[in-house]
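Working through the structure, step by step
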Amino acid sequence: MRLAAAMGRLGTESAFEVLARATRLQQEGRDVVNLGIGQPDFPTPGHIVEAGVKALRDGHHGYTPANGILPLREAVARDVRLRRGVEIDPDQVVIVPGGKMTMAFAISMFGEEGAEILYPDAGFPIYRSMIAFTGATAVPVRLHEDKGFAFSADEVLSLVNERTRLLIVNSPANPTGGVVPKAELDRLVEGLEAHPHVAVLSDEIYARIVYGDAGFVSLLAYPQIQDRLILLDGWSKAYAMTGWRLGYGVWPGETAEAATRLAVNFNSCVNAAAQWAGIAALDGPQDAVGRMVETFRRRRNLIVDGLNRLPGFRCRMPGGAFYVFPNVEGTGYGSRGLQDLLLERAGVATVSGTSFGVQGEGYLRFSYAASTGAIEAALGRIGELLGG
Ligand code: PLP
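Residues numbered from 1 in each chain as written. Predicted model: local features only at pLDDT ≥ 70, side-chain atom pairs only at ≥ 80, totals over all residues. Heavy atoms only, no water.

Right, let's get into the pattern of salt bridges. Working definition: two side chains of opposite charge can pair if their charged atoms are close together. Applying the stated rule across the entire model yields 24 salt bridges. Across the salt bridge formed by D340 and R21, the nearest N and O atoms sit 3.1 Å from each other. Of this pair, D340 sits in helix 12 (residues 335–346) while R21 sits in helix 2 (residues 14–27); the two residues are 319 residues apart in sequence, bridging distant segments of the chain. Across the salt bridge formed by E145 and R314, the nearest N and O atoms sit 3.0 Å from each other. Pair noted here: E145 is in the loop between strand 4 (137–142) and helix 7 (153–159) and R314 is in the loop between helix 11 (287–308) and strand 9 (323–324), with a separation of 169 residues, a long-range link. A residue is classified by how much of its surface remains accessible, and E145, at 11% relative accessible area, is buried. Judged by its relative accessible area of 48%, R314 falls in the partly exposed class. (Salt bridge = Lys/Arg side-chain N within 4 Å of Asp/Glu carboxyl O. Helix = DSSP H or I, 4+ residues; strand = E, 2+ residues; numbered from the N terminus. Buried < 20%, exposed > 50% of the residue type's maximum accessible area, 1.4 Å probe, protein only.)

As a further point, take the site of the ligand. Close contacts around the ligand come from 14 residues, with G99, D203, Y206, S236 and K237 the closest. Contact between the ligand and Y206: an oxygen atom at 2.7 Å from a side-chain N or O atom of the residue. For the ligand, whose accessible area on its own is 390 Å², the fraction buried by protein is 93%. With three residues, helix 5 (residues 99–110) is the single largest residue contributor to the shell around the ligand. Residue composition of the shell around the ligand, grouped by class: five nonpolar, five polar and four charged. (Near = heavy atom within 4 Å. Polar contact = N/O pair within 3.5 Å; in protein donor to acceptor, adjacent residues only side chain to side chain. Areas by Shrake-Rupley, 256 points an atom, 1.4 Å probe, with all protein chains shown as cover. Nonpolar A, V, L, I, M, F, W, Y, C, P; charged D, E, K, R; others polar.)

Bringing the sheet that holds strand 4 into the picture now. Spatially, seven strands are ordered 2-8-7-6-5-3-4 in an open sheet, and the strand pairing comes out mixed. Taken across any chain shown, the strands that pair with only one partner, and hence form the sheet edges, are strand 2 (93–96) and strand 4. Neighbour-to-neighbour, the strand axes of this sheet turn through a mean angle of 20°, independent of strand direction. Pairing between strand 5 (residues 164–170) and strand 6 (residues 199–203): five bridges, direction parallel. By the bridge assignment for strand 6, I168 is matched with L201. Each of strand 2, strand 3 (116–121), strand 5, strand 6, strand 7 (229–234) and strand 8 (247–250) touches helix 5; the most contacted strand, strand 7, lies at about 160° to it. Strands strand 3, strand 4, strand 5 and strand 6 of the sheet are contacted by helix 6 (residues 125–134), whose axis makes an angle of about 160° with strand 3. (Pairing = 2+ DSSP bridges. Axes fitted to C-alpha atoms, helices over the stretch in contact; angles between N-to-C directions. Contact = heavy atoms within 4.5 Å.)

Mapped onto the elements of the fold, N327 is located in the loop between strand 9 and helix 12. Within the structure, the side chain of N327 is placed 3.1 Å from the side chain of E145, a separation counted as a polar contact. At 2.9 Å, the side chain of N327 forms a polar contact with the backbone nitrogen of E329. Excluding residues within four positions of it along the chain, N327 makes contact with E145, G312, F313, R314, G362 and Y363.

In terms of domains, the chain is made up of domain 1 (5–43 + 287–386) and domain 2 (62–283). Between the C-alpha centres of domain 1 and domain 2 there is a distance of 25 Å. The interface is formed by 39 residues belonging to domain 1 together with 37 residues belonging to domain 2. Across the interface of domain 1 and domain 2, roughly 3,100 Å² is buried in total on both sides, 58% from carbon and sulfur atoms. In terms of surface lost to domain 2, no three residues of domain 1 exceed R316, F356 and Q359, which account for 18% of the buried area on that side. Our count for the domain 1 to domain 2 interface comes out at two salt bridges. Our count for the contact surface shared by domain 1 and domain 2 stands at 22 residue pairs in polar contact (both at pLDDT 80 or more). Among the secondary structure elements, those contributing two or more residues to the side of domain 1 that touches domain 2 are helix 1 (5–9), helix 11 and strand 9. Here the residues of the side of domain 1 that touches domain 2 sort into 21 nonpolar, eleven polar and seven charged. (Domains from an automatic or database assignment. Buried area = accessible area lost by both parts, 1.4 Å probe.)

As a further point, take the packing of helix 2 against helix 12. At a minimum axis separation of 11 Å, helix 2 and helix 12 run at an interaxial angle of 25°. Here helix 2 lies roughly parallel to helix 12, going by the angle between them. Here helix 2 and helix 12 pass one another in a crossing that is right-handed. Contacts from V18, R21, A22 and L25 in helix 2 reach R336, Q339, D340, L343 and E344 in helix 12. Tallied by class, the residues present in the contact of helix 2 with helix 12 amount to four nonpolar, one polar and four charged. (Parallel < 35°, antiparallel > 145°, perpendicular 65-115°, else oblique. Left-handed = near helix turned anticlockwise from the far one by under 90°.)

What follows concerns the sheet that holds strand 11 (residues 351–352). Ordered in space as 9-12-11, the three strands form an open sheet in which the pairing is antiparallel. Here the strands that pair on one side only, and so sit at the sheet edges, are strand 9 and strand 11. Sheet analysis places strand 9 next to strand 12 (residues 364–367), joined by two bridges and oriented antiparallel. Residue pairing for strand 12: V324 is matched across the bridge by F366.

With respect to the helices and strands, the residue S171 is situated in the loop between strand 5 and helix 8 (182–192). Classification of S171 by relative accessible area gives buried; the value is 7%. At a separation of 2.9 Å, a polar atom in the side chain of S171 contacts the main-chain amide nitrogen of V180.

Listed below in structure tokens is the structure:
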């Protein structure tokens, strides 16, 4: 058999490999604290589960329109108005099986040989992987630890040229937890006005998980770029629904039709019951989201404080998501070496910063979507191993 050359360019998401290794160690009887995987450790709120079950009982078992059922797209439009203050047409919404699919569609739509796509480094590894798959050139945008892992708008704009087709922005971010300050977004948008050929994909999957003071602003709220802004969001992180595989994109102009065409080709539609559950999530009570974010905030404070006490660790207080990205250069270990050491010798699963790009060297990602007991145990074990 001979696979297509593009397969050789397709990367992966190491968090899933770490999860597999941690699970294997657990099966061998080892006690592993898993701070590697990025998903809420809460159950999906009961009323959402009930809506999904009811949908199945009501006979919603067939295909739906490829872009999603209208009541769900209308619920998304209401939610976008409520949380981002922007009026959108439900026909701009394309429902997909998880946020990742909006990413894949956007990158497929603009990526080809000769095109350049800008993506955050350190960033979610699938951006780079998908860009390479399309044959486009992946151009990393550096994030700065001393700016709270935000980019510099001037640096981004200096990377734009006539071949640039798409700029990917992710705030709040995986793996850093960084939230890009409004002033930096203002400068970026102002500069982009000189480059009307550049589309923007704003990955806002962590938009609901922001810790007050960080001041999240959606890029969709900038009228200057609304006609070329693709919004990626979904239910996975906000409603603890990673396994339901439900996400959405808000697409400008003719790209909604193009995204729907990709959906017809790749997935036909999203599981119908999950779509009805998605309506219950957006329209129903939001208190579970608030409680989850409050719990994450306490854990964030605990883990940042604990990591900063470890020898060789330096950890910033992140503004959103549920990750911390400490600088571990002071330990004397490389990121990958330290990831392996912590897993094998301390039974603590983390993800090497290098899994998120070359700029991730010198960092480790910890997910604090885990109980305070697990976080305390992990900190204790690492301290013992490294002599903290
Ligand atoms: N975007 C970012 C930055 C993520 O971290 C993730 C998941 O980890 C996704 C998108 C994909 O989310 P989903 O599970 O809904 O596909």
